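Residue-level listing of the chains:
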There are 2 protein chains.
Amino acid sequence: MAKQLKKKIDQTTEEKIKIAARKLFTRKGFAAVKTRDIAEEAGINLALLNYYFRSKEKLFKLIMEESFLQFVKGIAEQFNDENTNIDEKIEKLVESYIDLFSQYPDLPLFILSELREHPDAFSSRLDAVTGISRSVFVKQIREAMKNGVYPEMHTFHFLANMMSLIVFPFIGSPMLMKITDISVKQYQEMIQERKKMIPIWIKAMLKSNAYKLIK
Amino acid sequence: MAKQLKKKIDQTTEEKIKIAARKLFTRKGFAAVKTRDIAEEAGINLALLNYYFRSKEKLFKLIMEESFLQFVKGIAEQFNDENTNIDEKIEKLVESYIDLFSQYPDLPLFILSELREHPDAFSSRLDAVTGISRSVFVKQIREAMKNGVYPEMHTFHFLANMMSLIVFPFIGSPMLMKITDISVKQYQEMIQERKKMIPIWIKAMLKSNAYKLIK
DNA sequence: AAGTATTTTAAACAAATGATTAAAACCAAT
DNA sequence: ATTGGTTTTAATCATTTGTTTAAAATACTT
């Protein structure tokens, strides 16, 4: 098998298709993307898509799998680091996710849409993530609450709030930019600012003692 | 023109189609929904869709328009109320949106996806919302910051944070439920809790003085 | 009840779309 | 150069899908 000894510098056809498919699927979703769109975007013959990936659906699942891993990779790593404390974990997580989404702004909406339409399609993968509730991070948080460092707060709220503050500005960027009347450049500056501000906000929320106050 | 004097109790065919279309479009988006799906869901003959709404696209735009108005209606109203202070506005806004999204959980993702793919399709409608930056609410916030009640924070961050905390738990519900291992019932309780907690958190974030701390 | 307008239906159409095929082009080794 | 494998291409196929048509059914008016 003399396999692509030629194109070592250039992208291989397989790569070109995957890159084009990832771009389009991530931006528009499975149903809105036609195989001919992918072929055109990749600059390849339509039949090559099936030659390399069998079907549109198989290609989509491949892209989805990779995107999903990219999405959750950071969590599993950071959440179980024994050598960092709560504050450090929050800072690292916020920074790495803001960097990731700055590079792939369509990624969050893509994953969350897919997860919403097919909640069970990734339950096996999510099991790896489910470990979150038993992660070092969550244990550290619970410990801190037990010791009175922070008031009580359900893990749901803590994780929801953290993810909210990180993810939403990417999902809602067109709306936020219109509403607040800022340029793309200003938007990107705001996003960068949030790397430092979100950890401060999270701590402020943790300390707010909201649970006692609502009773 | 003798127009439907019969079905005053029952849903009219037009309504049945709209209800079915809204349900499917909101859940799966334009491209993933087939006209035959809508017809089946509505329990009507396929041709009636075109008879009443001309085309799939016209029907979609109609649904989209209504959904969008539903989405932004609350903002315009609450934001320009001269008779409520900052705290009251936040409380009302949080409560009305959590109620809205509890009833229509797919609405936020639907709107935000559409806005992301076609940012200009609603710029005319958003202009009505753009008034937000000149709203009573934003003026009140800026005033409070000028008077030292709250430290400085860009409107972008304030609005982004508020919308984040409200909207994300709906967008990310499948993921959040899996990760935190809670039931649908528990999830709904958490969501209700947030009505009271989010205003507290927002105030805590406002007071956190994050801008000074990051310098 | 007859006549007229409106609504509904089954069938069909045309274009779009995912996939396949068979031949051509290409590549590396002999 | 020839061979044997791999990759690419143009053409074609079979379904799906949005829409239309013409007839049937229904509702309303006189």
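Conventions used here
- Residues numbered from 1 in each chain as written.
- Chains lettered and ligands numbered in written order.
- Predicted model: local features only at pLDDT ≥ 70, side-chain atom pairs only at ≥ 80, totals over all residues.
- Heavy atoms only, no water.
- Helix = DSSP H or I, 4+ residues; strand = E, 2+ residues; numbered from the N terminus.
- Buried < 20%, exposed > 50% of the residue type's maximum accessible area, 1.4 Å probe, protein only.
- Areas by Shrake-Rupley, 256 points an atom, 1.4 Å probe, with all protein chains shown as cover.
- Lys, Arg positive; Asp, Glu negative; His and termini not counted.
- Charge placed at Lys NZ, Arg CZ, Asp CG, Glu CD.
- Least-squares fit on C-alpha atoms with pLDDT ≥ 70 in both.
- Contact = heavy atoms within 4.5 Å.
- Domains from an automatic or database assignment.
- Buried area = accessible area lost by both parts, 1.4 Å probe.
- Salt bridge = Lys/Arg side-chain N within 4 Å of Asp/Glu carboxyl O.
- Nonpolar A, V, L, I, M, F, W, Y, C, P; charged D, E, K, R; others polar.
- pLDDT = per-residue confidence, 0-100.
- Polar contact = N/O pair within 3.5 Å; in protein donor to acceptor, adjacent residues only side chain to side chain.
- Core = buried A, V, L, I, M, F, W, Y, C linked by side-chain atoms within 4.5 Å.
- Axes fitted to C-alpha atoms, helices over the stretch in contact; angles between N-to-C directions.
- Parallel < 35°, antiparallel > 145°, perpendicular 65-115°, else oblique.
- Left-handed = near helix turned anticlockwise from the far one by under 90°.
- Expected span 1.5 Å × (residues − 1).
- Arc of directions from axis to C-beta.
- Patch = residues over 30% accessible without salt bridge, like charges linked within 9 Å, V, L, I, M, F, W, Y side chains within 5 Å.
- Phe/Tyr/Trp six-rings, centres within 6.5 Å; stacked < 30°, edge-to-face > 60°.
- Bend = angle between axes of the 7 residues up to and from the residue.

### A closer look at the overall build of chain A
For chain A, the helix and strand inventory stands at 12 helices and 0 strands. Going residue by residue from the N terminus, the α and β elements of chain A occur as α-α-α-α-α-α-α-α-α-α-α-α. Each principal axis of the C-alpha atoms in chain A carries an extent, and together these give about 65 × 45 × 35 Å. By residue count, 51% of the 215 residues in chain A fall in the buried class. Total accessible area computed for chain A in this model is approximately 11000 Å², and 51% of it derives from carbon and sulfur atoms. Across chain A, the 34 positively charged side chains and the 27 negatively charged ones have centroids separated by 3 Å.

### Structural notes on the relation of the copies chain A and chain B
Of the transformation superimposing chain A on chain B, the axial component is 0.0 Å and the angular component is 180°, with the fit at an RMSD of 0.1 Å. The relationship between the two copies is best expressed as a two-fold rotation axis. When the interface residues of chain A are mapped onto chain B, 100% of them again fall at the interface, so both copies present the same face.

### Regarding the domain arrangement of chain A
All names here are of chain A. With domains assigned, chain A is organised as domain 1 (11-54) and domain 2 (64-209). Look at where the C-alpha atoms of domain 1 and domain 2 centre, and you get two points 30 Å apart. In total, about 470 Å² of surface goes out of reach between domain 1 and domain 2, with carbon and sulfur atoms giving 47% of it. The interface formed by domain 1 and domain 2 includes 3 salt bridges. Notably, a salt bridge pairs Glu 66 with Lys 18, separated by 2.6 Å at the nearest N-O pair. Taken together, the residues of the side of domain 1 that touches domain 2 sort by class into 1 nonpolar, 1 polar and 3 charged.

### Considering the confidence of the model for chain A
Averaged over every residue, the pLDDT of chain A is 91; residues scoring 70 or more account for 93%. Scored below 50 in pLDDT, residues 1-8 of chain A shows 2 contacts in the model against residues more than four places distant or in partner chains.

### A short note on the interface of chain A and chain B
Across the boundary between the two partners, chain A contributes 61 residues, which contact 61 residues of chain B. For the interface between chain A and chain B, the tally reads 2 salt bridges. Taken together, the links from chain A to chain B amount to 14 residue pairs in polar contact (both at pLDDT 80 or more). Listed by contribution, the elements that provide at least two residues to the side of chain A that touches chain B are α1 (13-28), α6 (107-117), α7 (123-130), α9 (155-171), α10 (173-180), α11 (184-207) and α12 (210-213) of chain A. Taken together, the residues that form the side of chain A that touches chain B break down as 38 nonpolar, 13 polar and 10 charged.

### Some remarks on unusual backbone geometry
Residues and elements named next belong to chain A. Positive phi outside glycine occurs at Arg 54, with the angle close to 70°. Relative to the assigned elements, Arg 54 resides in the loop between α3 (46-53) and α4 (56-79). Judged by relative accessible area, which is 65%, Arg 54 ranks as exposed.

### Observations concerning the nonpolar core
Among the nonpolar cores identified, the biggest contains 147 residues, and Ile 38, Phe 158 and Met 162 of chain A together with Ile 38, Phe 158 and Met 162 of chain B are the most heavily contacted of them. Among residues more than four places away in sequence, those in contact with Met 162 of chain A are Phe 79, Ile 90, Leu 93, Phe 137 and Ile 202 of chain A.

### Overview of the packing of α1 of chain A against helix α2 (residues 35-42) of chain A
Residue and element names in this part refer to chain A. Interhelical geometry of α1 versus α2 gives an angle of 125° and a closest axis separation of 8 Å. When the axis of α1 is compared with that of α2, the two are oblique. As α1 runs across α2, the sense of the crossing is right-handed. Contacts from Lys 16, Ile 17, Ala 20, Ala 21, Lys 23, Leu 24 and Phe 25 in α1 reach Asp 37, Ile 38, Glu 41 and Ala 42 in α2. By residue class, the composition of the contact of α1 with α2 is 7 nonpolar, no polar and 4 charged.

### Brief notes about helix α5 (residues 86-103) of chain B
Residue and element names in this part refer to chain B. In this model α5 runs 26 Å from its N-terminal to its C-terminal C-alpha over 18 residues, within 8% of the 26 Å that 1.5 Å per residue would give. Three or more residues of α5 are buried, namely Ile 86, Lys 89, Ile 90, Leu 93, Val 94, Tyr 97, Ile 98, Leu 100 and Phe 101. Considered in projection along α5, the buried side chains sweep an arc of 160° and stay on one side of the axis. Residues of α5 that are buried make contact with α4 (56-79), α6 (107-117), α8 (136-146), α9 (155-171) and α11 (184-207).

### Things to note about a positive patch on the surface
Together, Lys 28 and Lys 34 of chain A together with Lys 28 and Lys 34 of chain B make up a region of like positive charge exposed at the surface. Relative to the elements of secondary structure, Lys 28 of chain A occurs in helix α1.

### Quick look at the packing of aromatic side chains
Residue and element names in this part refer to chain B. By the definition in use, this model includes 24 aromatic pairs over all chains. Residues Phe 79 and Phe 137 carry aromatic rings whose centres are separated by 4.7 Å and whose planes lie at 85° to one another, so their mutual orientation is edge-to-face. One end of the pair, Phe 79, is in helix α4; the other, Phe 137, is in helix α8, and 58 residues separate them in sequence. The class for Phe 79 is buried, based on a relative accessible area of 4%. The class for Phe 137 is buried, based on a relative accessible area of 1%. Relative to Phe 170, the ring of Phe 101 lies with its centre 5.6 Å away and its plane at 65°, an arrangement referred to as edge-to-face. Within this pair, whereas Phe 101 is found in helix α5, its partner Phe 170 is found in helix α9, the two being separated by 69 residues in sequence. Overall, Phe 101 belongs to the buried group, its relative accessible area being 1%.

### Comments concerning α11 of chain B
All names here are of chain B. Relative to the 34 Å expected for 24 residues at 1.5 Å per residue, α11 spans 34 Å between its end C-alpha atoms, a close match to the ideal helical length. The sharpest bend along α11 measures roughly 45° and falls at Lys 195, with the proline Pro 199 sitting one to four residues further on. Where α11 ends, the next residue or the one after it, Asn 209, has phi of about 60°, a positive value.

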